[in-house]
Amino acid sequence: MKCNLIIPGFPKCGTTSLRDYLDLHPDIHMSSQKEPHYFSRDSVYERGSGWYDQLFESANPNAHIFGEASTS
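What counts as what
- Residues numbered from 1 in each chain as written.
- Predicted model: local features only at pLDDT ≥ 70, side-chain atom pairs only at ≥ 80, totals over all residues.
- Heavy atoms only, no water.
- Helix = DSSP H or I, 4+ residues; strand = E, 2+ residues; numbered from the N terminus.
- Rg over C-alpha atoms; globule rule 2.2 N^0.38 Å.
- Buried < 20%, exposed > 50% of the residue type's maximum accessible area, 1.4 Å probe, protein only.
- Contact = heavy atoms within 4.5 Å.
- Core = buried A, V, L, I, M, F, W, Y, C linked by side-chain atoms within 4.5 Å.

### Thoughts on the overall build of the protein
Step number 1: Tallying secondary structure elements over the protein gives 3 helices and 3 strands in all.
Step number 2: Moving toward the C terminus, one meets the helices and strands of the protein in the order β-α-β-α-α-β.
Step number 3: Against the 2.2 N^0.38 benchmark of 11 Å for 72 residues, the protein shows a C-alpha radius of gyration of 12 Å, consistent with a compact globule.
Step number 4: Its C-alpha atoms put the protein at 30 × 30 × 15 Å along the principal axes.
Step number 5: Residues counted as buried form 35% of the 72 residues belonging to the protein.
Step number 6: Contacts spanning at least 24 positions in sequence make up 65% of the contacts within the protein whose residues lie at least 6 apart.

So, in structure tokens, the structure goes:
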């Protein structure tokens, strides 16, 4: 599993801004889907780790931190 950074939070508390700022850093790649809810929704978790990892495919070969922000 590629993800090694998770931004937990609540709706309307700045998780989108934090996610966008982190994504500007050359060593960090945030998931293509802002709130995948992989760990909090059974129907999403059942898609498997392959589905989750594809959210972190990056054109930047220098990225070694992969993150996501979900509010649940």
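This is not the end of the story, as more comes after the structure.
### A short note on the side chain of R19
Step number 1: Relative to the helices and strands, R19 resides in helix 1 (residues 15-23).
Step number 2: For R19, the residues in contact, after removing those within four places along its chain, are I7, M30, S31, S32, K34 and A69.

### What about the nonpolar core?
One recurring pattern in soluble globular proteins is that nonpolar side chains are buried together.
Step number 1: Residues C3, Y38, V44, W51, Y52, L55, F56, A63 and F66 constitute the largest nonpolar core, which totals 9 residues.
Step number 2: Ignoring sequence-local partners within four residues, the contact set of C3 consists of Y52, F56, F66, G67 and E68.

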